[in-house]
Amino acid sequence: MADLKKPLNFEDQLKMLQKHGMVVEDESEALSVLQSKNYYRFTGYALQQRIDKNKSDYIAGTSFHNIHRIYMFDESLRDIFRKYIEILEVHYRTQISYHFSLAKCTTPPHDQHYDRSNYYNKSGFDSVMANFKRDKKYYIDSLIMKHHKAHYGGKLPLWAMVEMLSFSNLSKLYSSMYSSEQNLISSANQVGSSVLKNHLHCLAVLRNKCAHAAMLYNTQMNPPAMLPKRYLRKHPEVINNTVFAYALVILKQLPDRQTKTHFITSLCAIIEEYSDDIELSLIGFPEN
């Protein structure tokens, strides 16, 4: 078994980039970048500039400044996505808890959301509850947990419980429901239940990537987003496992026209700002 690579100080990291053919316009600025942005993370934004994807040498003229600009674009893109995914998180916590509670929890003791018989996918529900049991420990000192422990044996109504679920578990909770409850929620939001299931999954994945500062540029997304067949026939250049497809998911699910407009304006602004540095194809955005 081969040894791991030897760790390098920042100066040697910069020399390594130069050795592999990267043009460093300002060494002082480049060192400052490497001191705040992991070498491994930074070089991920230069993968498309390699002569051979299995080797480390760069295409002639590859610029450190350009790669840093791509890095900053990706950072700005995550900021925008985080802002609008947060709107959707709050929206769907409301929608899922509201419609399920009115459908299932109107008779005493009003805790039917804890009953696995009310879910089609039992293993999915079990997973959600196991994660919830683990995660609610982080809220043990919150007033809401103290109140429900004192008065209701620690059980929470669904509209309180969803505020403590991660977006991934919220998505899984919806996917675990019977189609009757899924349809109530999806029809209230003017979308099919299978599409909403997919879109919530996509949003949870994107939210986690943004929260952990994962690279979006030059990245294939999974799962592929469900987009209307009519739209895909009209726009065959759109690929459903791209950042662009996930942006369409956000656009589709945002609850009002004004918010949709703000989202589009924000995206267009950063694409325009970094247009000389980025390749639109590497985030799946059509040239038009």
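Structural data are supplied above this passage.
Residues numbered from 1 in each chain as written. Predicted model: local features only at pLDDT ≥ 70, side-chain atom pairs only at ≥ 80, totals over all residues. Heavy atoms only, no water.

> Give me the packing of helix 8 (residues 167-176) against helix 10 (residues 193-211): which residues, what numbers.
Remark: helix 8 packs on helix 10, axes separated minimally by 8 Å, with the N-to-C direction vectors making an angle of 165°. Classed by the angle they form, the pair helix 8 and helix 10 counts as roughly antiparallel. By crossing handedness, the relation of helix 8 to helix 10 is classed as left-handed. Residues F167, S168, S171, Y174 and S175 of helix 8 pack against S193, L196, K197, L200, H201, L203, A204, R207 and N208 of helix 10. Of the residues that constitute the contact of helix 8 with helix 10, the class distribution is six nonpolar, six polar and two charged. (Axes fitted to C-alpha atoms, helices over the stretch in contact; angles between N-to-C directions. Helix = DSSP H or I, 4+ residues; strand = E, 2+ residues; numbered from the N terminus. Parallel < 35°, antiparallel > 145°, perpendicular 65-115°, else oblique. Left-handed = near helix turned anticlockwise from the far one by under 90°. Contact = heavy atoms within 4.5 Å. Nonpolar A, V, L, I, M, F, W, Y, C, P; charged D, E, K, R; others polar.)

> Describe helix 5 (residues 122-135), with residues and values.
Relative to the 20 Å expected for 14 residues at 1.5 Å per residue, helix 5 spans 20 Å between its end C-alpha atoms, a close match to the ideal helical length. Taken together, the buried positions of helix 5 are occupied by G124, F125, V128, M129, N131, F132 and D135. All buried residues of helix 5 lie within an arc of 160° about the axis, which places them on one face of the element. Summarising the geometry of helix 5, the exposed residues directed more than 90 degrees from the buried face are S123 and K133. Contacts made by the buried residues of helix 5 are with helix 7 (158-161) and helix 8. (Expected span 1.5 Å × (residues − 1). Buried < 20%, exposed > 50% of the residue type's maximum accessible area, 1.4 Å probe, protein only. Arc of directions from axis to C-beta.)

> I'd like a rundown of the pattern of salt bridges, residues and numbers included.
Side chains bearing opposite charge may pair, as long as their charged atoms lie close to each other. Tallying each qualifying case throughout the model produces eight salt bridges. Across the pair E89 and R93 runs a salt bridge, and its minimum N-O distance is 2.5 Å. Here the residue E89 and the residue R93 both occupy positions in helix 4 (residues 64-104), the gap between them amounting to four residues, near one helical turn. Summarising the burial analysis for this pair, E89 and R93 share the class buried. (Salt bridge = Lys/Arg side-chain N within 4 Å of Asp/Glu carboxyl O.)

> Give a detailed account of the environment of K37, specifying residues and quantitative values.
Along the polypeptide, K37 turns up in the loop between helix 2 (27-36) and helix 3 (39-44). Look at K37 and you get buried, because its relative accessible area is 16%. Distance from K37 to Y71, taken between C-alpha atoms, is 9.7 Å for residues 34 residues apart in sequence. Apart from residues no more than four positions distant in its own chain, K37 is found in contact with F42, H68 and Y71.

> Residues and numbers for the packing of aromatic side chains, please.
Taken as a whole, this structure holds ten aromatic pairs when the rule is applied. Between the aromatic rings of F81 and F263, the centroid separation amounts to 6.3 Å while the plane-to-plane angle is 40°, which identifies the pairing as tilted. On the criterion of sequence distance, the pair formed by F81 in helix 4 and F263 in helix 13 (residues 257-273) is long-range, its members being 182 residues apart. Across this residue pair, the class does not change: F81 and F263 are buried. If you follow K155 out to its NZ or CZ, it ends over the ring of Y114, 5.3 Å from the centre. (Phe/Tyr/Trp six-rings, centres within 6.5 Å; stacked < 30°, edge-to-face > 60°. Lys NZ or Arg CZ within 6 Å of the ring centre and 35° of its normal.)

> Tell me about the environment of A103, and please be specific about residues and values.
Looking at where A103 falls in the secondary structure, it is placed in helix 4. What makes A103 partly exposed here is its relative accessible area of 35%. On a C-alpha basis, the gap between A103 and A213 in space is 38 Å, while along the polypeptide they are 110 residues apart. Discounting chain neighbours no more than four positions away, the residues touching A103 are E181 and L184.

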